[in-house]
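# Chains, contacts and geometry: an overview
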Amino acid sequence: MYVISVAADLAGMHPQTLRQYDRLGLVIPERTAGRGRRYSGRDIAKLRLIQELSQDEGVNLVGIKKIIDLQNEVDALKSRNEELEAEVRARMSAKEREARVFAAGTAGDVVSISRGRRPQGRPEPGAMVLYNRYRRR
């Protein structure tokens, strides 16, 4: 955590610029009990990005705010997507574990067998019937 003067030096800006960015909501530092600003390494990186967008790309502060908000939204959506993909994988593996395959046994009875396995023995011609409730496409 850095005080405002050190953060300004690290970002190559004036401390008043950091105060303005705080008022605009571009970079919101943590506060001490006495209301002093404390900037993290992530805040410094964001300040450098703001400086690059402003000076090198010519984007105004309102545009920078929108870019940062959209990037935050993209990050949140990526995180949620990863959560959902993990949930789908977990449900699919659970479904596969629960899925059963049925076949006609050698005596003509219906038996449950593991996926990818064949019934033991040799059934009479036309006696074997496979049924898979969760057929893969």
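One structure accompanies this document, and this report is about it. This structure is a prediction, so every number in the text was calculated from the model and none was measured.

## Here we look at helix α2 (residues 15-24)
- Listed as buried for α2 are L18, Y21 and D22. Relative to the axis of α2, the buried residues are bounded by an arc of 105° and lie together on one face.
- Note on α2: the residue one or two positions beyond its end, G25, has a positive phi of about 85°.

## Digging into a nonpolar patch on the surface
- Among the surface-exposed residues, Y2, V3, V6 and L10 lie close enough to one another that they form a single nonpolar patch of about 280 Å² accessible area.
- Mapped onto the fold, V6 is located in helix α1 (residues 4-11).
- For V6, a relative accessible area of 36% corresponds to the partly exposed category.

## Details of the packing of α1 against α2
- At their nearest, the axes of α1 and α2 sit 8 Å apart, and the two run at 100° to each other. With respect to their mutual orientation, α1 and α2 come out roughly perpendicular. Residues I4, S5, A7 and A8 of α1 touch α2, and the partners they reach there are P15, L18 and R19.

Parameters and conventions
Residues numbered from 1 in each chain as written. Predicted model: local features only at pLDDT ≥ 70, side-chain atom pairs only at ≥ 80, totals over all residues. Heavy atoms only, no water. Buried < 20%, exposed > 50% of the residue type's maximum accessible area, 1.4 Å probe, protein only. Helix = DSSP H or I, 4+ residues; strand = E, 2+ residues; numbered from the N terminus. Arc of directions from axis to C-beta. Patch = residues over 30% accessible without salt bridge, like charges linked within 9 Å, V, L, I, M, F, W, Y side chains within 5 Å. Areas by Shrake-Rupley, 256 points an atom, 1.4 Å probe, with all protein chains shown as cover. Salt bridge = Lys/Arg side-chain N within 4 Å of Asp/Glu carboxyl O. Axes fitted to C-alpha atoms, helices over the stretch in contact; angles between N-to-C directions. Parallel < 35°, antiparallel > 145°, perpendicular 65-115°, else oblique. Contact = heavy atoms within 4.5 Å.

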